[in-house]
Amino acid sequence: METKKVWFVTGASKGLGLALVKKLLAKNYRVAAATRNTQSLISEIGEKSEAFLPLELNLTDNEDVRTAILKTVEHFGQIDVVVNNAGYGQIGTLEELTDEEARANFDVNVFGTLNVIRNTVPYLREQKSGHLFNISSIGGYSGNFPGWGIYCATKFAVAGLTESLAEEIKEFGVHATVVYPGYFRTDFLSKDSVKTPANPIQVYETARNSEQAHLNEINGNQPNDPEKGAEALIALSEVENPPVHFLLGSGTSEFLDAKIKTITGDAKQWEALTVSTVI
């Protein structure tokens, strides 16, 4: 009988992360589920068992991440699939967000992801197998969301580092995929999850309208089901040659097409100036 893979999932206590953990356990995978506070996770799923390891984790602390990975390997004997799902949305224009607000978003969304990569890749590389899913956002492919510039920047960073990671680790038989989710019906946009600027500048009317639309209109009406998103990730984990880039959810291809059209149009319009630098 084939031994089921061991998954390590961050941001596991809600949203897509929680849906994924539940789905994995239902399919008899073994799961290490990391979150800032394990109490809500345990109340949803249950106590530690042979198949389930809840882990309290400060993602921005590299030593804490290293310890969590060690506990995972000690408990299960291996680690096979890593899902960097933890992160949060920071609303605010680039002018109005403070240095602290901007850096905090990067600390969790980017440097937290790097901490997990740094501490899991040695195991995957040694066993010459494994798969890392880095959860970006469609805002990490198309950044034209007013008032979401810092958040989009963190998710662009996740996409960029995943492209490099995929090239670095493929010689060891390890895969990396950047996932661009669209709008999923989770609590990502709830007032308890997303952060708004401490010092908003009201003249940014477009950004304020976008903020209110996301918090009051899009929230609760997202078209995609997190359970089906979890199913898609599990399916990708089982294919021999998974993609480096994966759009997740209805509506994401529209952003893909629009950006390709924009970049191609700009390139053609300014081609003469582009090549004017030749010696």
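Residues numbered from 1 in each chain as written. Predicted model: local features only at pLDDT ≥ 70, side-chain atom pairs only at ≥ 80, totals over all residues. Heavy atoms only, no water.

Q: Explain the nonpolar core here, please?
A: Counting residues in hydrophobic clusters, the biggest one holds 28 residues, and the most contacted among them are F8, L55, L57, V82, L132, L165 and I169. Secondary structure elements with two or more residues in this core: β1 (6-10), β2 (30-35), β3 (52-56), α3 (62-76), α4 (99-127), α5 (149-169) and β6 (174-181). Contact partners of V82, with chain neighbours within four places excluded, come to F8, V116, T120, L124, H131, L132 and F133. One finds L20, Y29, F184 and A230 within the second-largest nonpolar core, a separate group that totals 25 residues. (Core = buried A, V, L, I, M, F, W, Y, C linked by side-chain atoms within 4.5 Å. Buried < 20%, exposed > 50% of the residue type's maximum accessible area, 1.4 Å probe, protein only. Helix = DSSP H or I, 4+ residues; strand = E, 2+ residues; numbered from the N terminus. Contact = heavy atoms within 4.5 Å.)

Q: How should the sheet that holds strand β5 (residues 130-135) be read in this particular structure?
A: The strands that make up a sheet are held in pairs by hydrogen bonds between backbone atoms, and each pair lies either parallel or antiparallel. The parallel open sheet is built from 7 strands, whose spatial order is β3-β2-β1-β4-β5-β6-β7. The outermost strands of the open sheet, each flanked by one partner alone, are β3 and β7 (245-248). Between one strand and the next, the sheet's axes are offset by a mean angle of 15°, whatever the strand orientation. Relative to β2, β1 runs parallel, the two being bridged by 5 bridges. When the bridges of β2 are listed, F8 appears paired with A32. In this fold α4 packs onto β1, β4 (81-84), β5 and β6, with an angle of close to 170° to the strand it touches most, β5. In this fold helix α8 (residues 252-269) packs onto β6 and β7, with an angle of close to 125° to the strand it touches most, β7. (Pairing = 2+ DSSP bridges. Axes fitted to C-alpha atoms, helices over the stretch in contact; angles between N-to-C directions.)

Q: I would appreciate a short explanation of the side chain of R208 in the present structure.
A: Locating R208 in the fold gives a position in helix α6 (residues 205-218). A distance of 3.1 Å separates a polar atom in the side chain of R208 from the backbone oxygen of I201. Not counting residues up to four positions away in its chain, the partners in contact with R208 are E96, P197, P200, I201 and Q202. (Polar contact = N/O pair within 3.5 Å; in protein donor to acceptor, adjacent residues only side chain to side chain.)

Q: Whenever I open this one, the pairing of β7 confuses me. Can you help?
A: If a strand is regular, its side chains alternate between the two faces of the sheet. Alternating positions in β7 separate cleanly, F246 and L248 being buried on one face and H245 and L247 remaining unburied on the opposite face. Sheet analysis places β6 next to β7, joined by 4 bridges and oriented parallel. Along β7, the bridge assignment pairs Y180 with L247.

Q: Hey, could you run me through helix α1 (residues 15-26) in this one?
A: For α1, spanning 12 residues, the distance from its first C-alpha to its last is 17 Å, which sits close to the expected 16 Å at 1.5 Å a residue. Those residues of α1 that fall on the buried side of the exposure criterion are L16, G17, L18, A19, L20, V21, K23 and L24. Immediately downstream of α1, the backbone of N28 shows phi near 70°, a positive value. (Expected span 1.5 Å × (residues − 1).)

Note that every value here comes from positions in space, so none of it alone points to a role or purpose.
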